[in-house]
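Single-letter residue listing:
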Amino acid sequence: MPERTISDRAMPDRVMIEIDRVTRSYGAFKALDDANLTIREGEFFSLLGPSGCGKTTLLRMIAGFDNPTSGTIAVDGQPMAGIPANRRPTNMVFQSYAIFPHLNVEQNVAYGLKRLKLGKAEEKRRVEEALAQVSLTGLGKRGATELSGGQRQRVALARALVMRPKVLLLDEPLSALDKKLREQMQVELRRLQKAVGITFVLVTHDQYEALAMSDRIAVMFGGRIAQVDSPKDIYQRPVNRQVADFLGGMNFVRADIVEETGTSLTVDTLGFGRVRTDKPPAFARNGDGATLGIRPERLRVLWDDETSEFEVAGEVVERHYFGEVTHLIVRIPGFEAPLSVIETNDFGADDLPIGETIRIAYDPEALVAMAD
Ligand code: ATP
């Protein structure tokens, strides 16, 4: 038998959650519209989208707090229809944490275990194990009201983990924390998920959070799933402008399709001229037009005598300083909108005068074609 790689082990192909044609209607309004999704065992999976896109609706239906109007949900091969939330192999960590203020940390974590009647010693062992997993060892006797936001978040996590669910559902669990703590918890949560090996499904509207933590992401808009991919593919190969825009800055250029093969597209653009790019697997042609996108950080200022096979020239019209990088807005003849360029400050982008003509190199590999 061939040796398995680490990524094989981290992400086996066994299906943990199967969402099959699930719709949730409220009268004529569809909060979720014909969603299909397969989440694998051991995956850190994120549902990402703007407010109101239906991500919480989907999470709540997996948890059993709501039911599909049509379609089916199976967890670990078992259809969930008719199974109440407390009998499902899932556990949810709420945005509000929902910690009992009158109980101490230990009692909060042990709460759900009571009905399993494990016996005092086993219960204690499980609570201690869960507290260690979230780095709260020694804080068991602390009152729930005597904790920081980050610690309360950990208690909520421990309380869910102690039940040893097959799936942990997390509804914006970090949104109440300040930026620095949130970033620290993102790293910890990711580490924890890999250590316990439980399938995590995270709901978030924060694209950086989803990119930093997930094995795969489903991007949702208006009750529909627009794209399911790895963070890198979602960011670098968005299927349309809406996904590209939601995942951070992107320069868009109108393009006319000249030739399409199974794997490539040749397009004519005003600004970049004729360009041949890889055809994204999900590209669905809609007429002869398309959009070409390039991320601002994939454009680079050419200094002094430096040249590139792929360069354009234009005038700096705006400059915004962000500490480690400077954001330049550059008007270039032939482009319908100014290009946005993110440049590190080591060569002096932070000092470029407004009105200066500069040359910009682009990497044709970084140009991505999107269907209209
Ligand atoms: P947020 O990040 O704001 O929580 P979301 O993507 O999680 O947004 P959902 O909570 O899933 O969005 O809601 C999806 C849509 O369904 C929203 O337009 C919401 O107003 C609507 N909706 C949710 N619950 C109900 C309900 N009980 N009755 C009517 N409409 C509802």
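(A) Layout of the environment of Tyr26. Relative to the helices and strands, Tyr26 is located in strand S1 (residues 15-26). Relative accessible area serves as the criterion here: at 42%, Tyr26 is assigned to the partly exposed category. For Tyr26 and Gly119, which are 93 residues apart along the polypeptide, the C-alpha to C-alpha distance reads 45 Å. Apart from residues lying up to four places away in sequence, Tyr26 is in contact with Ala31 and Asp66.

(B) Highlighting the site of the ligand. Around the ligand, the surrounding shell consists of Tyr26, Phe29, Ala31, Pro50, Ser51, Gly52, Cys53, Gly54, Lys55, Thr56, Thr57 and Glu172. Contact between the ligand and Gly52: an oxygen atom at 2.7 Å from a main-chain N or O atom of the residue. Thr56 places a side-chain nitrogen or oxygen 2.4 Å from an oxygen atom of the ligand. In isolation the ligand exposes 640 Å². Once the protein is present, 57% of that is buried.

(C) Representation of the pairing of strand S17 (residues 325-331) within the structure. Of the strand pairs in this sheet, strand S16 (residues 311-321) and S17 are connected by 6 bridges, and their pairing is antiparallel. Its bridge partner lying in S17, Glu318 is registered against Ile329. Pairing of S17 with strand S18 (residues 339-344) involves 6 bridges; the strand directions are antiparallel. Counterpart to Thr326 in the pairing with S18 is Glu343.

(D) Looking closely at the nonpolar core. Counting residues in each nonpolar core, the largest one holds 35 residues, and the members touching the most others are Val109, Leu157 and Leu168. Going through the elements one at a time, helix H3 (105-110), helix H4 (120-133), helix H5 (149-161), strand S7 (167-171), helix H6 (179-196) and strand S8 (199-204) are the ones with two or more residues in this core. Sort the elements by how many residues they give to this core and H5 lands first, with 6 residues. If we skip the residues at most four places from it in the chain, Leu168 touches Asn91, Val93, Leu157, Ala160, Leu161, Ile198, Thr199, Phe200 and Val201. One finds Val301, Val330, Val341 and Ile358 within the second-largest nonpolar core, a separate group that totals 31 residues.

(E) Local environment of the pattern of salt bridges. Considering all chains together, one arrives at 26 salt bridges under this definition. With a closest N to O distance of 3.3 Å, Asp33 and Arg224 form a salt bridge. Taken together, the residues Asp33 in strand S2 (residues 29-40) and Arg224 in strand S10 (residues 224-229) connect sequence positions 191 residues apart. On the basis of relative accessible area, Asp33 is assigned to the buried category, the value being 17%. Classification of Arg224 as partly exposed rests on a relative accessible area of 46%. Several salt bridges share partner residues, and in doing so they unite Asp13, Arg40, Glu43 and Arg216 into one network.

What counts and what doesn't
Residues numbered from 1 in each chain as written. Predicted model: local features only at pLDDT ≥ 70, side-chain atom pairs only at ≥ 80, totals over all residues. Heavy atoms only, no water. Helix = DSSP H or I, 4+ residues; strand = E, 2+ residues; numbered from the N terminus. Buried < 20%, exposed > 50% of the residue type's maximum accessible area, 1.4 Å probe, protein only. Contact = heavy atoms within 4.5 Å. Near = heavy atom within 4 Å. Polar contact = N/O pair within 3.5 Å; in protein donor to acceptor, adjacent residues only side chain to side chain. Areas by Shrake-Rupley, 256 points an atom, 1.4 Å probe, with all protein chains shown as cover. Pairing = 2+ DSSP bridges. Core = buried A, V, L, I, M, F, W, Y, C linked by side-chain atoms within 4.5 Å. Salt bridge = Lys/Arg side-chain N within 4 Å of Asp/Glu carboxyl O.

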